[in-house]
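One-letter residues, chain by chain:
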Amino acid sequence: QVRLVESGGDLVEPGGSLRLSCAASGFFFEFYTMTWHRQGSGKERELVATISGNARVTTYTDSVRGRFTISRDNAKNTVYLQMNSLKPDDTAVYFCKVRVGNDYWGQGTQVTVSS
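Residues numbered from 1 in each chain as written. Predicted model: local features only at pLDDT ≥ 70, side-chain atom pairs only at ≥ 80, totals over all residues. Heavy atoms only, no water.

What about unusual backbone geometry?
Reasoning step 1: The backbone phi angle of Ala55 is positive, close to 70°, even though this residue is not glycine.
Reasoning step 2: The topology assignment puts Ala55 in the loop between β5 (46–51) and β6 (58–60). (Helix = DSSP H or I, 4+ residues; strand = E, 2+ residues; numbered from the N terminus.)

Okay, structure coming up:
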């Protein structure tokens, strides 16, 4: 079955960096677009970044463009989110998602940006 497991969340000071990972299994990873989403406390879940199966196409929401980079390693069935110049507004639970017929989500990883 489809399984997504995120990791890498932590407490970091403003201006710091983190790299999130999402390990995938149960589907032909390289065929599918992967997406990162986040949900802050009391906020709706929002799309942060997407990457095509061959990694040639990436998209970002305006608030993270130029600071975050999505990438993937199809040999490792893993998608990454490199987050630089972090701001307190980036504080959220971060989720990866894949649409294989239905939408499948990981359990999320907490990112807290605070001094």
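A closer look at the pattern of salt bridges
Reasoning step 1: This structure, assessed with the given rule, holds 6 salt bridges.
Reasoning step 2: Note that Glu46 is salt-bridged to Arg38, the shortest N-O span being 2.6 Å.
Reasoning step 3: Of the charged contacts in the structure, one is a salt bridge between Asp103 and Lys97, with a shortest N-O distance of 3.7 Å. (Salt bridge = Lys/Arg side-chain N within 4 Å of Asp/Glu carboxyl O.)

A word on the environment of Leu18
Reasoning step 1: Structurally, Leu18 can be placed in strand β3 (residues 18–25).
Reasoning step 2: For the pair formed by Leu18 and Met83, sequence separation is 65 residues and the distance between their alpha carbons is 5.2 Å.
Reasoning step 3: With residues near it in sequence (within four places) discarded, Leu18 still touches Gly8, Asp10, Val12, Leu81, Gln82, Met83, Leu86 and Val111. (Contact = heavy atoms within 4.5 Å.)

With respect to the nonpolar core
Reasoning step 1: The biggest cluster of nonpolar side chains holds 28 residues, and the ones touching the most others in it are Met34, Trp36, Leu81, Met83 and Tyr94.
Reasoning step 2: Those elements that place two or more of their residues in this core are β3, β4 (34–39), β5, β7 (68–73), β8 (78–83), β9 (92–100) and β11 (109–113).
Reasoning step 3: Ignoring anything within four residues of it in the chain, the contact list for Met34 reads Leu4, Cys22, Phe27, Phe29, Ala49, Thr50, Ile51, Ile70, Arg72, Val79, Lys97 and Val98. (Core = buried A, V, L, I, M, F, W, Y, C linked by side-chain atoms within 4.5 Å. Buried < 20%, exposed > 50% of the residue type's maximum accessible area, 1.4 Å probe, protein only.)

Points about the environment of Arg3
Reasoning step 1: Relative to the helices and strands, Arg3 is located in strand β1 (residues 3–7).
Reasoning step 2: Look at Arg3 and you get exposed, because its relative accessible area is 52%.
Reasoning step 3: For the pair formed by Arg3 and Gly101, sequence separation is 98 residues and the distance between their alpha carbons is 14 Å.
Reasoning step 4: Residues in contact with Arg3, not counting those within four places in the same chain, are Ala23, Ala24 and Ser25.

A closer look at the pairing of β11
Looking down a regular strand, the side chains alternate between one sheet face and the other.
Reasoning step 1: Burial of β11 is one-sided: the residues Thr109, Val111 and Val113 facing one way are buried, the residues Gln110 and Thr112 facing the other way are not.
Reasoning step 2: Pairing of strand β2 (residues 11–12) with β11 involves 2 bridges; the strand directions are parallel. Bridge pairing links Val12 to Val113 in β11.
Reasoning step 3: The sheet contact formed by β9 and β11 spans 3 bridges and is antiparallel. Across the sheet, Tyr94 pairs through a bridge with Thr109, a residue of β11. (Pairing = 2+ DSSP bridges.)

A few points about the side chain of Arg72
Reasoning step 1: Looking at the element boundaries, Arg72 is found in strand β7.
Reasoning step 2: We note that Arg72 is buried and unpaired, the nearest opposite charge coming from Glu30 at a distance of 8.1 Å.
Reasoning step 3: Of the polar contacts made by the side chain of Arg72, one reaches the backbone oxygen of Ser52; its length is 2.9 Å.
Reasoning step 4: Setting aside residues no more than four positions away along its own chain, Arg72 makes contact with Phe29, Glu30, Tyr32, Thr33, Met34, Ile51, Ser52, Gly53, Ala55, Thr78, Val79 and Tyr80. (Lys, Arg positive; Asp, Glu negative; His and termini not counted. Polar contact = N/O pair within 3.5 Å; in protein donor to acceptor, adjacent residues only side chain to side chain.)

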